[in-house]
Structure formats: structure tokens, C-alpha cells
Amino acid sequence: MRLVTHYAAKSNQITYKYMHRISDTLSEVKNRIRAAASASGRNENEITLLGAAKKQPAEKIADAYASGISHIGENYLQEAIAKQEQLKELAITWHFIGPIQSNKTRALASHFAWVHSVDRFKIAERLSQHRPPGLNPLNICIQVNIDKEAAKSGADLADVDELLDKIKDLPNLYVRGLMIIPRPRETVAEQRDIFKSTSVLMMQLNQRHALNMDTLSMGMSNDLEAAIAEGATIVRIGTALFGKRQ
Ligand SMILES: *Cc1c(COP(=O)(O)O)cnc(C)c1O
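Only a predicted model underlies this, so the values are computations on that prediction, with no experimental measurement involved.

Caption draft 1: Just the packing of aromatic side chains, in detail. As enumerated under the stated definition, the model contains one aromatic pair in all. Each ring, one from phenylalanine 96 and one from phenylalanine 112, has its centre 5.3 Å from the other, and the planes form 75 degrees; the classification is edge-to-face. In this pair, phenylalanine 96 is assigned in strand 5 (residues 93–96) and phenylalanine 112 in the loop between helix 4 (105–111) and strand 6 (114–118), connecting sequence segments 16 residues apart. Like phenylalanine 112, phenylalanine 96 is buried. Directly above the aromatic system of tyrosine 174 lies the positively charged group of arginine 176, at a separation of 4.7 Å from the ring centroid.

As C-alpha cells, this is what we get:
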């Protein structure tokens, strides 16, 4: 962040504003990823930095893209489609990471390369049905409600096996792995526990279902180090990259 002075031409007023520079915050985030990867003996190239851009303007996404971020996550369909239209010249890979209503599956299946928040069979089935012919299968993650929170999206832990069993044969989906949004925790040790259990869960699911899921979508601005230590392959970073949301 740096303090810049704007001279408003018309009024001759001077306004001060903290201007957010993606190139600065991006190098901070990348340093954190690199340090966390090296601390756990991982290659930083195994970890995709997904810019979580909800409630951020298209200009910031364009800046991030110019600085090397090509994976962008969005939570709200209408907002995402508007930004995709503004940024259609850029080779961005779009990920949907928000809660899914079943009447939105057609639009999701055609506007995104990835959907991280699949948590019930009906949604998966519709995404597969609605994936336009000619596009690659839609990459999906199963969102697991890992903390068993009553009001949260995500499949119940007890239902994941059955869900995966049904989803894995859908023709136009490519089941890549698991996504979680854990509740905040006080310590890194506690953060690591929940990420570790997710990692172990994916290994067990791979064995039980003879799959090769390779994606753990976990870790946000406040806990990316713990997530990387436990095997995250996609970290979804909003505030630390784009600043406060509008
Ligand atoms: C907003 C959001 C993020 C990013 O959160 P920050 O704490 O701002 O990094 C990541 N994942 C999901 C699903 C989100 O909704």
C-alpha cells in the first residue's frame, strides 16, 4: 500500500487515498507461498494462486492478470458474468467458488472452467448435463462441510462417499478433489489439523473409489501457510491480494 495524492481537476481539491497496488501485494503473497512451500519441502509450482475477486472491480483483475495471475475465482454468478464480459480479451481461467443454486447450473457450466463448490448430486448432474459440447469436461471439487457447521454449504462428511460414487461417472465432469472453507481458528496448529484431515480424506477417497483426485482447494488470506503445509494445491486469496472488498 502506498499513499498517493490525487488532484481532482475540477474542484481543485486534494484528496488522499490509499491506493492498492497489486504488484506489491502479489509479491508479498508469492513470498508467503514460497516460504510455506519450502518449509514443508514442497515445490511452489505445485501450488496455484487463485485470485478470489468477489466484490472487486474488473480493473483490479486486469491488474492482477498483468502481474501474472491467470486463475480468478468468483462467488456470484451475475457479478462474474459482467466481469468476464469486460475482461474477455484476457486468457483468464475462471473458477466458481460460491454457493450454487440449481437454477444457475446452465450458466455456471458454460462460463467457468472450474466449479469448487459442488455439494450435492443434483447440482453435479445438472452441471454435467449443461456443459456445452465442445468444451472440456468441467473441473469440479466437492465442497465438504468439514467443521459440520449448520448454516454452511458443503456436503456432510458422512455423505461424501456416496456423493462421489454417483458423481464420478457423470460424463462431462472431471472430479479433481476437495474444497473446504473451515471456520477461523486461533492457532496455526489448529488450522493445520483441519487441513490435514482434508488431505487424509482425499487420499482415502482416492483409494476407496480408485480415483486420482489431485486437487485440495484450501487456504485463504489468513491461513494459507497452514494449508500449504498440509498439501493445498490451490489457495484462494482475496483480501491479501486485492485489498478490502467494496
Ligand atoms: C472470499 C473467499 C476467499 C478469499 O478470502 P480472503 O480471506 O479474502 O482471502 C476464498 N474462498 C472463498 C470461497 C471465498 O468466498
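What follows picks up the thread again.
Caption draft 2: Up close: the site of the ligand. Taken together, the residues surrounding the ligand are Ala52, Lys54, Asn75, Ile97, Ile181, Met220, Ser221, Arg236, Ile237, Gly238, Thr239 and Arg245. At a separation of 2.7 Å, an oxygen atom of the ligand approaches a polar side-chain atom of asparagine 75. Serine 221 has a polar side-chain atom sitting 2.5 Å from an oxygen atom of the ligand. Across the complex, the protein chains shield 90% of the 390 Å² of accessible surface that the ligand would expose by itself. For the shell around the ligand, the class distribution of residues is five nonpolar, four polar and three charged.

Caption draft 3: The arrangement of helix 2 (residues 58–66) in detail. Taken residue by residue, helix 2 has Ala58, Lys60, Ile61 and Ala64 as its buried positions. Projection of helix 2 onto a plane perpendicular to its axis shows the buried side chains occupying an angular sector of 160 degrees, all on one side. Facing away from the buried surface of helix 2 by more than 90 degrees, the exposed residues are Glu59 and Ala66. Buried residues belonging to helix 2 abut helix 1 (22–39), strand 4 (71–74), helix 3 (77–86), strand 5 and helix 9 (239–242). Glycine 68 occupies a position one or two residues after helix 2 and carries a positive phi of about 110 degrees.

Caption draft 4: Fine view of the nonpolar core. Grouped together as the largest cluster of nonpolar side chains are 61 residues, with contacts concentrated most on Leu127, Ile167 and Val235. With six residues, helix 1 is the single largest residue contributor to this core. The contacts of valine 235, once residues within four sequence positions are left out, are Ile33, Ile47, Thr48, Leu49, Leu50, Met218, Gly219, Leu224 and Ile228. One finds Trp114, Cys141, Met179 and Ile234 within the second-largest nonpolar core, a separate group that totals seven residues.

Caption draft 5: Focus on the packing of helix 6 (residues 160–167) against helix 7 (residues 188–209). Remark: helix 6 packs on helix 7, axes separated minimally by 11 Å, with the N-to-C direction vectors making an angle of 50 degrees. Classed by the angle they form, the pair helix 6 and helix 7 counts as oblique. Judged by the twist between their axes, the crossing of helix 6 over helix 7 is right-handed. Contact residues: Val160, Asp161, Leu164 and Asp165 in helix 6; Leu205, Arg208 and His209 in helix 7. Of the residues belonging to the contact of helix 6 with helix 7, the class tally is three nonpolar, one polar and three charged.

About the cut-offs
- Residues numbered from 1 in each chain as written.
- Predicted model: local features only at pLDDT ≥ 70, side-chain atom pairs only at ≥ 80, totals over all residues.
- Heavy atoms only, no water.
- Phe/Tyr/Trp six-rings, centres within 6.5 Å; stacked < 30°, edge-to-face > 60°.
- Helix = DSSP H or I, 4+ residues; strand = E, 2+ residues; numbered from the N terminus.
- Buried < 20%, exposed > 50% of the residue type's maximum accessible area, 1.4 Å probe, protein only.
- Lys NZ or Arg CZ within 6 Å of the ring centre and 35° of its normal.
- Near = heavy atom within 4 Å.
- Polar contact = N/O pair within 3.5 Å; in protein donor to acceptor, adjacent residues only side chain to side chain.
- Areas by Shrake-Rupley, 256 points an atom, 1.4 Å probe, with all protein chains shown as cover.
- Nonpolar A, V, L, I, M, F, W, Y, C, P; charged D, E, K, R; others polar.
- Arc of directions from axis to C-beta.
- Contact = heavy atoms within 4.5 Å.
- Core = buried A, V, L, I, M, F, W, Y, C linked by side-chain atoms within 4.5 Å.
- Axes fitted to C-alpha atoms, helices over the stretch in contact; angles between N-to-C directions.
- Parallel < 35°, antiparallel > 145°, perpendicular 65-115°, else oblique.
- Left-handed = near helix turned anticlockwise from the far one by under 90°.

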